[in-house]
Amino acid sequence: MDRILIRGGTPLNGSIQISGAKNAALPLLAAGLLCEGQYNLSNVPQLADITSMVDLLTQHGCIISVDGNNIGINSDNITNTTAPYDLVRRMRASILVLGPLIARFGVARVSLPGGCAIGTRPVDVHIKGLQKLGAQIELSEGYINASAPNGLVGATISMPMVSVTATENLLMAATLAKGETVLINAAREPEIIDLANCLKGMGAIIEGAGTDRIIIQGVEKLNGTSHSVIADRIETATYAIGAIITQGELTLTHTDLSLIPTVSEALARAGAIIKETPNGFSIKANSGIITGVDVITEPYPGFATDIQAQMMALMTLCTGASMITETIFENRFMHVPELARMGANITVHGSSALVRGVSQLSGAEVMATDLRASVSLVLAGLAAKGDTVLSRVYHLDRGYEKLEQKLTQCGAHIERYKVAAEA
Ligand code: EPZ
């Protein structure tokens, strides 16, 4: 097991290259099941979750080549349309193979992903949407058994809530359905736009990606294409917060300020000075003052739930107070007790956390509980006085490519070391 030691107190100064988005790459990889011929992805981040998806596609019979940040996929000889529990439970986004499998092969047996630390994470919107497209679906023994022997048929699907991966699953399935599909109340995340752009490169006919109404005209087949993964907006916001919490200045490259509209507005209100650059932006603290700002997480373009924990870390050092309300997931405050171990003053009432600013955090031993909570503890450790030791860092490895290297090159004292198996 690995741990990470962070010696706090050094401002982050320098430039960080943002990687491709994990949450774009995962559906883009699953889309490889839809097309015939060679399909090539570039700017794919090297992360544990990506490896999990590659393993899943490989067991379906895809021929996959991985060369650094480039992944080639050929799904012309699929041998198996079952996504087994032991792979799906490792990475919930494995559910994204369901739509492509049923659309292209007319059959799929995908394990229910189960919940995770941040919530029960049901997939009812995925299932009901596929049933609207004509799939016969039966849940048994923990699996989603889906069949559409005569293919899927386009339909108008009004989704009861905004769901990113349900939108992605249904978008992919609809590309090969007969006729027109309209997705109403679709998610509007940039990763949806990126997926739609790639699918159009394969020959799909899609309008409205990035809005809450997406219209798809089904086609007979899709052909492999080449596509570069969009920049990771969550990583972008994470390092932007890192600049402010350490009172430093960072230039973030290979990204775009427009990917984080509400988050950047909140950071500006907190006192950050942000300047756009030709391929990203620079951000720095404003004379050491972090102003408390209130945050409510919402679907894009609202404040991203995946940035809530990182923002909370920043707000622990604000002048005044900040009310942070989590509206997307039912249990996404697990970083609160860990931040409290570092001296933060946070009171949780239901889905809201009142953060009263303190003058300083102190390093401590803390435990990562989920992907985004873990990086909020890294940010807090970078700002704290003294040493912070973070355990269960496998959570970090799911979503942040080369985290230690990127931070070390900007002056952080951060190192990973191995310990015997943890309790
Ligand atoms: C995606 O998860 C992201 N994962 C999550 O990022 C992100 O937090 C989330 O969207 C919200 O932005 C990927 O893209 C791989 P949802 P997803 O369906 O699609 C409920 C990270 O840290 N819901 O948009 O699973 C659900 O319980 C991860 O990178 C249903 O009730 O999230 C939640 O309350 C964490 N039924 C809300 O909708 C469904 O069928 C939004 O979830 C689907 C969702």
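Within each chain, residues carry numbers counting from 1 in the order of the written sequence. Predicted model: local features are reported for residues with pLDDT of at least 70 only, side-chain atom pairs are reported and counted for 80 or more only, and whole-chain, interface and lining totals are derived from all residues. To obtain the side-chain values, all non-hydrogen atoms of the structure were used and water was disregarded.

> Residue-level account of the environment of Asn13, with values.
Mapped onto the fold, Asn13 is located in strand β2 (residues 13-17). For the pair Asn13 and Lys284, spaced 271 residues apart in sequence, the C-alpha to C-alpha distance is 9.1 Å. Here Asn13 is in contact with Gly248, Glu249, Leu250, Gln409 and Cys410, once residues within four sequence places are set aside. Polar contacts here mean pairs of N or O atoms no more than 3.5 Å apart (in protein, one a potential hydrogen donor and the other a potential acceptor; neighbouring residues in sequence count only if both atoms are side-chain atoms). Only 3.0 Å separates the side chain of Asn13 from the backbone nitrogen of Glu249, close enough to count as a polar contact. Each helix is a run of H or I in the DSSP string that is no shorter than four residues. Each strand is a run of E no shorter than two, and both are numbered from the N terminus. Contacts are residue-level and defined by heavy atoms, with any inter-residue pair within 4.5 Å sufficient.

> Now, about the site of the ligand: what can you tell me, with residues and values included?
Near the ligand, the surroundings consist of 23 residues, among which Val125, Ser163, Thr165, Asp306 and Ile328 are the closest. In this structure, Pro122 approaches the ligand through a main-chain N or O atom, which is 3.3 Å from an oxygen atom. Between an oxygen atom of the ligand and a main-chain N or O atom of Val164, the distance comes to 2.9 Å. For the ligand, the accessible surface in isolation is 820 Å², of which the surrounding protein chains cover 88%. Put simply, the parts of the chain that give the shell around the ligand at least two residues each are α1 (22-30), α5 (124-132), α6 (164-174) and α12 (371-383). Three categories are distinguished: nonpolar for Ala, Val, Leu, Ile, Met, Phe, Trp, Tyr, Cys and Pro, charged for Asp, Glu, Lys and Arg, and polar for the others, with Gly belonging to the last. Across the shell around the ligand, the residue classes tally to 11 nonpolar, 5 polar and 7 charged. The criterion for a residue being near a molecule or strand is simple. One of its heavy atoms has to lie within 4 Å of it. All accessibility values rest on the Shrake-Rupley procedure with a 1.4 Å probe; residue burial counts only the protein chains present in the view.

> Tell me about the pairing of strand β4 (residues 38-42), and name the residues and values.
Think of it in three bands: with a 1.4 Å probe and only protein chains considered, a residue is buried below 20% of the maximum accessible area for its type, exposed above 50%, and partly exposed in between. Only one face of β4 is buried, namely the one carrying Tyr39 and Leu41, since none of Gln38, Asn40 and Ser42 on the opposite face is buried. Here, a strand pair is defined by DSSP locating no fewer than two bridges between the strands. Here β4 runs beside strand β16 (residues 226-228); their pairing, made up of 3 bridges, is parallel. Across the sheet, Ser42 pairs through a bridge with Ser228, a residue of β16.

> An account of the side chain of Glu191 is needed here, citing residue identities and associated values.
By the element assignment, Glu191 lies in helix α7 (residues 190-201). For Glu191, the contacting residues outside a window of four places in its chain are Ala21, Asn23, Ala24, Glu168 and Arg233.

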